[in-house]
Amino acid sequence: MNTAVNLPPRSTSADGQSHLPVSVIGRSASGVEPAPPCTLVIFGAGGDLTKRLLMPALYNLAGSHLLSENLRVLGIDHSDNTDEGWRSALSETMQSFTRDESAEFHAKQIDAAAWGWVRQRLSYLQGDFEQAPLYGDLTHRLQGNVVFYLAVPARFFGPIIDHLGAAGLLKESGNDAFRRVVIEKPFGADLSSAKNLNARILKSAAESQFYRIDHFLGKETVQSILAVRFANAMYEPVWCRDFIDHVQITAAETIGVEQRGSFYEATGALRDMVPNHLFQLLCMTAIEPPSSLDADAIRTAKAKLVECVKPIQPEHAVRGQYTAGKIAEEAVAGYLQEPHVSPDSATETYVALKLAIENERWSGVPFYLRTGKRLIGRRTEIAVRFKKARAPLFADAPGMDEQSDLLRIQIDPTHGIETILNVKVPGPKMQLAPVATSFRYDDYFQQKPNVGYETLLYDCMIGDATLFQRADNIETSWAAIDPLLHGWGKGTPELYAAGSEGPAGADALLAREGRQWLKLDPK
Ligand code: BG6
């Protein structure tokens, strides 16, 4: 469909610079206070998440002067290491990012002052997450505000929090000191395990002390969805079943499972992406206006929305698994040939589904969600297809495009918004053509280096839980997909070639309702 759309040239001045609207020129992030002093305790100091995302995020925050002079970072892991050993290993990894353009964090050079600031605050503690002595050690080392960050496999969440609780490390002393715990995904593997984990951790601390992370909420473009919806009178009134035909939410990746075969085997695309990332996009798209921008108001609006999602039945979903193929002309292996994957695995690497939201705003509007690995294009976006114009004036006009009346909120890799409209082709006859009007964040705003974890870390330090998932939100999301998890049983996924648009069954899911997916192939 893209090919039919004539993109207008970007507006530029005589010196070739993009025009910026006056209201944006000169705006800066100044005025944002640094976070209060605290110790950030990272369980999983030697892990990938710490190296690839947490350290770059701390470095970026340090560069923006958003951390307290009194920040300390204590890394904990099973293996033997020293403060200096950990610091040097991380310094090397930071340097390696300057040579790796495909890393989440890539910079031409590492700013010595900003990294030095972080580096000197790092110390290391060797310990067994599952044994009491580590926590005895911690009680001596920690005072005041502490954020415990669980950058560890999910099996450690329960035991670590039990130990922190038993050692009294989660006790907050009035307003003087906070004790917070950041928990990575996956939070549970289905409804009952998520409920059990919530019940277990809530024995050790209050709900308000837990920050369940979903890194999609750290993406600026995702945070902007509420602004687009509720700060623009031209969208707000039409954002409902009277005007919207359907919504497509896509998170398509070109990468495969890489070195994460053993994690992925037990997880699959549904658990990995749907009840968390895609549901967060769904929430931002479909929630009722919250009573304020307060964390609890937004989280309550989300919980109410997900409660209205009808549990998804297997006949409304399709799962797929990639076979060998080509991505950008390069031959790539099939899922079954990936390291640490069983040769007869039935794990899905793709899922597409239709869901219904039973409330006044959305009743009758299908939401189609899809996500998969090794697809032809990388694209995370929300596409809102409006209903046909009510006046029949142009119903039969030549050039009237079925694919227009579309709003695309582009999250990755493009950050922007595009609308596809019907306009008249210049000339004597009334002939229509679809055109795109598009906005790119980087045409208007100076892009700050960002791996998505900066906001999340900063928010946790200042105690703003807006972007974190509350227990009820997690549980209702699992409840919505539970029939799939249990109903799919031992069946096998449909195969699709790496580098394709996904399994044919996904097209059929929409085709039987007279609709089609937007193409992933950018050509
Ligand atoms: C992670 C999943 O949570 O999100 C990965 O475990 C997936 O499988 C990733 O690749 C996608 O995130 P992003 O930010 O790269 O779109």
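Below: a short report on this structure. (Residues numbered from 1 in each chain as written. Predicted model: local features only at pLDDT ≥ 70, side-chain atom pairs only at ≥ 80, totals over all residues. Heavy atoms only, no water.)

### Describing helix α13 (residues 504-511)
Move 1: Looking only at α13, the buried set comprises Gly505, Ala506, Leu509 and Leu510. The buried residues of α13 all sit within an arc of 140° when viewed along its axis, so they share a single face.
Move 2: Buried-residue contacts for α13 involve β7 (244-252), β8 (317-323), β11 (350-355), β12 (367-372) and β17 (494-497). (Buried < 20%, exposed > 50% of the residue type's maximum accessible area, 1.4 Å probe, protein only. Helix = DSSP H or I, 4+ residues; strand = E, 2+ residues; numbered from the N terminus. Arc of directions from axis to C-beta. Contact = heavy atoms within 4.5 Å.)

### Description of a nonpolar patch on the surface
Move 1: On the surface, a cluster of nonpolar side chains totalling about 320 Å² of accessible area is made up of Leu393, Phe394 and Met430.
Move 2: Within the fold, leucine 393 resides in the loop between β13 (379-386) and β14 (406-412). (Patch = residues over 30% accessible without salt bridge, like charges linked within 9 Å, V, L, I, M, F, W, Y side chains within 5 Å. Areas by Shrake-Rupley, 256 points an atom, 1.4 Å probe, with all protein chains shown as cover. Salt bridge = Lys/Arg side-chain N within 4 Å of Asp/Glu carboxyl O.)

### A look at the site of the ligand
Move 1: Looking at the ligand, the residues that line it are Lys185, His215, Phe216, Lys219, Glu253, Arg260, Asp272, Met273, His277, Lys373 and Arg378.
Move 2: A distance of 2.9 Å separates an oxygen atom of the ligand from a polar atom in the side chain of lysine 373.
Move 3: For the ligand, whose unbound accessible area comes to 400 Å², protein coverage reaches 81%.
Move 4: Class assignment of the residues belonging to the shell around the ligand gives a composition of 2 nonpolar, 2 polar and 7 charged. (Near = heavy atom within 4 Å. Polar contact = N/O pair within 3.5 Å; in protein donor to acceptor, adjacent residues only side chain to side chain. Nonpolar A, V, L, I, M, F, W, Y, C, P; charged D, E, K, R; others polar.)

### Quick notes on the sheet that holds β7
Move 1: Read across the sheet, 9 strands follow the order β16-β15-β14-β13-β7-β12-β11-β8-β17 without closing on themselves; strand pairing throughout is mixed. The open sheet has two free edges, formed respectively by β16 (432-440) and β17, since each of these has just one partner strand. The sheet shows a mean angle of 20° between the axes of neighbouring strands, direction not considered.
Move 2: Direction of pairing for β8 relative to β11: antiparallel, over a ladder of 4 bridges. Bridge pairing links valine 318 to alanine 352 in β11.
Move 3: Where helix α8 (residues 261-286) meets the sheet, its contacts fall on β7, β11, β12, β13 and β14, and the angle it forms with β12 comes to roughly 140°. (Pairing = 2+ DSSP bridges. Axes fitted to C-alpha atoms, helices over the stretch in contact; angles between N-to-C directions.)

### Remarks on the sheet that holds strand β2 (residues 72-77)
Move 1: With parallel pairing, the 6 strands of this open sheet are ordered in space as β3-β2-β1-β4-β5-β6. Here the strands that pair on one side only, and so sit at the sheet edges, are β3 (122-126) and β6 (210-212). Sheet twist, expressed as the average angle between the axes of neighbouring strands with direction ignored, equals 20°.
Move 2: Note: strand β1 (residues 39-43) against β2, 5 bridges, orientation parallel. Residue phenylalanine 43 lies in a different strand from β2, and its bridge partner there is isoleucine 76.
Move 3: The strands touched by helix α4 (residues 132-141) within the sheet are β1, β2 and β3, with β3 carrying the most contacts at an inclination of about 150°.

Structural measurements only, silent on function.
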